[in-house]
Amino acid sequence: MATPTRLLETAAEKALAGHFEAIPEDDPIRDVRATAFDVLKEKGLPHRRVEEWKYTDLRTLLKDVPAPAAPGDIERARAILAETDPLADLAGSRIVFVNGHFVPSLSDMSAIADQVEFASLGRFLADGGAIFERFDMIDPAEAPIFAMNSAFMADGAVINIKAEAVLDKPLHLAHLFVGADAGLQTLRNLVSIESGAKATIFETYHGPDDVAYLTNTVSQVHVADGAEVRWIKLVEEGGAATHLGLAMPRLDANAVFDPFTYTAGPVLTRNEMRLTFSGSHSNAGIRGAILVRGNSHADFTLFVDHAVPDCKSREYFKSVIDDTARAVFQGKIVVRPDAQRTDGQMMSQALLLDEGGEFDNKPELEIFADDVVCAHGATCGQIDEDVLFFLRSRGIGEEEAEQLLVQAFLAEAIEEIGDEAIEEVLEARTRKWLGMTEVVE
Amino acid sequence: MLEIRNLHVRIAEDETEILRGIDLKIGKGEVHAIMGPNGSGKSTLSYVLAGKDDYEVTEGEIVFNGQNLLEMEPDERAAAGVFLAFQYPIEIPGVGTMTFLKTAMNAQRKARGEEELTTPDFMRRVKETAKMLHISPDMLKRPLNVGFSGGEKKRNEILQMALLQPTLAVMDETDSGLDIDALKVVADGVNALRGSDRSFLVITHYQRLLNHIVPDFVHVLSAGRIVRSGGKELALELEERGYADYVGEAA
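Residues numbered from 1 in each chain as written. Chains lettered and ligands numbered in written order. Predicted model: local features only at pLDDT ≥ 70, side-chain atom pairs only at ≥ 80, totals over all residues.

Asks: Looking at this structure, I do not really get the overall build of chain B. What am I missing?
Replies: Along its length, chain B carries ten helices and twelve strands. On C-alpha atoms alone, chain B measures out to a radius of gyration of 18 Å, which is about the 18 Å that the 2.2 N^0.38 rule sets for 251 residues. Taking the principal axes of its C-alpha atoms as reference, chain B extends roughly 55 × 40 × 35 Å. Expressed as a percentage of contacts within chain B between residues at least 6 apart in sequence, the contacts between residues at least 24 apart total 72%. (Helix = DSSP H or I, 4+ residues; strand = E, 2+ residues; numbered from the N terminus. Rg over C-alpha atoms; globule rule 2.2 N^0.38 Å. Contact = placed C-beta atoms within 7 Å.)

Asks: Whenever I open this one, the overall build of chain A confuses me. Can you help?
Replies: A count of helical and extended segments in chain A gives nine helices and 19 strands. Taken against the 2.2 N^0.38 rule, which gives 22 Å for 441 residues, the C-alpha radius of gyration of chain A at 21 Å falls within 12% of a compact globule. Scored against the burial criterion, the 441 residues of chain A give a buried share of 50%. Excluding contacts between residues fewer than 6 apart, the proportion of contacts in chain A whose partners are at least 24 apart in sequence is 83%. (Buried ≥ 20, exposed ≤ 12 C-beta atoms within 10 Å, placed from the backbone.)

Asks: What exactly am I supposed to notice about the interface of chain B and chain A here?
Replies: Note on interface size: it is often stated as the accessible area lost on association of the parts. The interface of chain B with chain A comprises 22 residues on the first partner and 17 residues on the second. For the side of chain B that touches chain A, the secondary-structure elements that each account for two or more residues are α2 (74-80), β7 (92-96), α3 (97-111) and α6 (150-164) of chain B. Broken down by element, the residue count for the side of chain B that touches chain A peaks at five residues, all from α3 of chain B. Broken down by class, the residue content of the side of chain B that touches chain A amounts to 14 nonpolar, five polar and three charged. (Nonpolar A, V, L, I, M, F, W, Y, C, P; charged D, E, K, R; others polar.)

Asks: Help me understand the sheet that holds strand β9 (residues 228-236) of chain A in this model?
Replies: Paired through their backbone hydrogen bonds, the strands of a sheet run either parallel or antiparallel. Residues and elements named next belong to chain A. The mixed open sheet is built from ten strands, whose spatial order is β2-β1-β5-β7-β9-β11-β13-β15-β17-β19. In the strand order of this sheet, the two ends are held by β2 (101-102) and β19 (373-381), each with one partner. Sheet topology note: the strand β11 (residues 256-264)/strand β13 (residues 283-292) ladder contains seven bridges and is parallel. Looking at the pairing, Phe257 lines up with Ala284 of β13. Across the sheet, helix α8 (residues 398-414) lies against β13, β15 (312-321) and β17 (343-352), angled at about 165° from β15, the strand it touches most. Most of the contacts of helix α9 (residues 420-433) go to β11, to which it runs at about 15°, and overall it touches β9, β11 and β13. (Pairing = 2+ DSSP bridges. Axes fitted to C-alpha atoms, helices over the stretch in contact; angles between N-to-C directions.)

Asks: When you look at the environment of Asp73 of chain A in this model, what are you seeing that I'm missing?
Replies: In this structure, Asp73 of chain A sits in the loop between α3 (58-61) and α4 (74-84). Ignoring any residue separated from it by four or fewer positions in sequence, one finds Asp73 of chain A in contact with Val178 and Gly179 of chain A.

Asks: How do you make sense of helix α9 (residues 233-241) of chain B when you look at a structure like this?
Replies: Residue and element names in this part refer to chain B. Where α9 is concerned, the buried positions are Leu234, Ala235 and Leu238. Taken around the axis of α9, the buried residues stretch over an arc of 105°, which confines them to a single face. Away from its buried face, by an angle of more than 90 degrees, α9 presents the exposed residues Glu233 and Glu240. Where α9 is buried, its residues meet β3 (31-35), α8 (208-212), β11 (217-222) and β12 (225-230). Positive backbone phi, at 75°, marks Gly242, one or two positions downstream of α9. (Arc of directions from axis to C-beta.)

Asks: What's the story with the pairing of β15 of chain A in this structure? I'm lost.
Replies: Successive side chains on a regular strand alternate, one facing one side of the sheet and the next facing the other. Residues and elements named next belong to chain A. Of all ten residues that make up β15, eight are buried, and the element is covered over most of its length. As paired elements, β13 and β15 share ten bridges and run parallel to each other. By the bridge assignment for β15, Ala289 is matched with Lys318. Sheet topology places β15 next to β17; ten bridges connect them, and they run parallel. In the sheet register, Tyr316 faces β17, and the bridge partner there is Met347.

Asks: Is there a simple way to think about the confidence of the model for chain B in this case?
Replies: Low pLDDT means the predicted coordinates in that region are not meant to be read closely. Confidence along chain B averages 92 in pLDDT terms, with 98% of residues attaining 70 or more. In the model output, the complex is listed with pTM 0.90 alongside ipTM 0.95. (pLDDT = per-residue confidence, 0-100.)

Asks: Even after reading the chapter, I still don't get the nonpolar core, so can you show me in this structure?
Replies: Here is a general trend for soluble globular proteins: nonpolar side chains tend to be buried in one another's company. Within the largest apolar cluster, 201 residues are counted, with the highest numbers of intra-cluster contacts made by Ile193, Val223 and Ala327 of chain A together with Phe83, Ala85, Val170 and Val202 of chain B. A per-element tally of this core places α8 of chain A first, with ten residues. If near-sequence neighbours (up to four positions away) are discounted, Val202 of chain B is found in contact with Val31, Ala33, Met171, Leu209, Ile213 and Pro215 of chain B. (Core = buried A, V, L, I, M, F, W, Y, C linked by C-beta atoms within 7 Å.)

Asks: How should the packing of helix α7 (residues 385-393) of chain A against α8 of chain A be read in this particular structure?
Replies: For any two helices packed against each other, the geometry comes down to the angle between their axes and how far apart the axes lie. All names here are of chain A. Across the interface, α7 lies against α8 with an axial gap of 9 Å and an inter-helix angle of 125°. As far as their axial angle goes, α8 and α7 are oblique. Crossing hand, α7 versus α8: right-handed. Between α7 and α8, the residues in contact are Val387, Leu388, Leu391 and Arg392 and Glu398, Ala401, Leu404 and Leu405, respectively. In the contact of α7 with α8, the residues fall into six nonpolar, no polar and two charged. (Parallel < 35°, antiparallel > 145°, perpendicular 65-115°, else oblique. Left-handed = near helix turned anticlockwise from the far one by under 90°.)

Asks: Teacher, can you tell me more about the packing of helix α4 (residues 119-132) of chain B against α6 of chain B here?
Replies: Residues and elements named next belong to chain B. Packing of α4 against α6 leaves a shortest axis separation of 10 Å and a crossing angle of 135°. In terms of orientation, α4 lies oblique with respect to α6. The way α4 lies across α6 gives a crossing that is right-handed. Contact with α4, carried on its side by Arg125, Val126, Thr129 and Ala130, involves Leu159, Ala162 and Leu163 of α6 and no other residues of that element.

Asks: Help me understand the environment of Phe409 of chain A in this model?
Replies: Residue placement: Phe409 of chain A occurs in helix α8. Accessibility expressed as a C-beta count within 10 Å gives 23 for Phe409 of chain A, which makes it buried. As for Phe409 of chain A and Ser319 of chain A, which are separated by 90 residues in sequence, their C-alpha atoms are 9.0 Å apart. Not counting residues up to four positions away in its chain, the partners in contact with Phe409 of chain A are Lys318, Val320 and Leu351 of chain A together with Gly94 of chain B.

Asks: Where do I start with the sheet that holds strand β4 (residues 55-64) of chain B in this structure?
Replies: All names here are of chain B. Read across the sheet, four strands follow the order β2-β1-β4-β5 without closing on themselves; strand pairing throughout is antiparallel. At either margin of the open sheet sits one strand with a lone partner, and together these are β2 (17-26) and β5 (67-68). The pairing of strand β1 (residues 2-11) with β4 spans eight bridges and is classified as antiparallel. Counterpart to Arg5 in the pairing with β4 is Glu61.

Asks: Teacher, can you tell me more about the pairing of strand β12 (residues 268-277) of chain A here?
Replies: Residues and elements named next belong to chain A. Counting buried positions over the ten residues of β12 gives nine, a clear majority of the element. In this sheet, β12 lies alongside strand β10 (residues 242-251) in parallel orientation, the contact comprising eight bridges. Of the residues in β12, the one forming a bridge with Arg250 is Thr276. Where β12 lies against strand β14 (residues 297-306), ten bridges are found, and the strand directions are parallel. Bridge pairing in β14 links Thr269 to Ala298.

And the structure:
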């Protein structure tokens, strides 16, 4: 091959090369995979000298890449789903992946059969991957998560929410990793929300604490004219797991897209969102919370492209950092020359609970239009001693007072979701992370 | 119930001495007022009683119902019955007023080995007390003190006091920033809590508050010492003549 090849040298890079070699010659999308893998071969894993990866040096942080995961024990998954998935009770329909493979027997789409078309990606891959032409693509050279995903994608959800369909209850994409052996689960979701449709989508990730599995998940999302989507992504992978996520929503005119990404658990997380406004008068509320402790590392990197006029975006992120953990927020808003009357408001705040923690915050505004309202703000601080003293003076112990203040800090972003039942679930996840016992009333 | 003996206190950070030998005894059910010019150490005394760690006690002791108060954490003091009404009540975005009240009440009950309140019992207590203090249900729904006026914040302090039922209430310039109507509401709230089991230490710069909360004893604090003690008539005398005599004496 003519492409100049970087010597794949770290253990993780060598492992990736080995796993790629193992893909059968007759794989139906071998060309797609090979094009993507050539990029990885050429560039290797991204590292600190690559601007977008300066604070999340994947070459150093990613110690290994396990082989693509075998299907997991479905009964075990069923039990875990029943016990632990906190959002499941709110959902009306469910698509379940175990170790990255669609499991029909755990899934139930019957309630929305008239409103939503669904198939697992596996079927489309067998056709040679023509489906991808219907979605925005991205240059794998610009997006290492995408390149890795294209090389190894095994399954995913292809969803079409029909025009004017209004889903009464959320649609749940549940991802479970089960078993004692590490594995790589690579998922590609292709989601179309047709014009005028309204839906809430849950995307959840859970797995065992002591298995160093790796999730790579890419969602290509098209929100058509007038559609309204709320998308809650809950990343609660196990404590030894790595989660690499990329969401690529494109919004047509008069659309509303409100994603919230809640990350608490994995040792290494990088979530990226690349959102494009391609139609006017659309509105995106992009929010998230990162909770990290121990030596975990969690990164949210956001790129919002105001490519057309009269759109509004609100970005609000909160990070809570304990011990020697590290959180990263990178947020870039680009306002193209034609995108007059853009309104973009970005805020990122961090609360450090321990002096050993680190927060890296990089907001960027690139504005090429002249009639816009854009602002960004960032704060990073510790718990306010005066507030803590006040709470303690009312009889609340130091630990409980701190827990109350962490919850309060996150609540400011969570409460912007605008759905009390979902907010309550996320607040309960925070209490769980804080080690608080649930009060049953 | 409270005895302060030869209390010397300095600011921990820069070692500035603020209190220079305070002696004060407060009996059960008594209302004591401490008056004094700005900078005399009034607020410091209230913070030291509540346990703020910006201050360092260099000498003396505080005995509260037989316990050494200075060895107790702020939350332990609260559970033991000490309450400080803050001069500048703090706003806490994200913490709902009701959540805060319930957490505080139950934390104190737990610390004393009592059962936690049931939700209906808690709601009933809050509703009754809030009504008396002209606190609207809407205020209770908001995050603690966020968007409250000065008067609303002070009423919220009294609400907390009424719900937590302390045996010693320290009121740090509760009258500051209040108009006369708000002052009356606050004073009515305090007077309703007066009783043989509850003592008050009312700290104020002005005599005005003491027309509404009539003290049993008045002390004048100047330059970190109590320079004069007397009955309620002392407050009137101070109102007429100001603090000039005492400031001079201390200097």
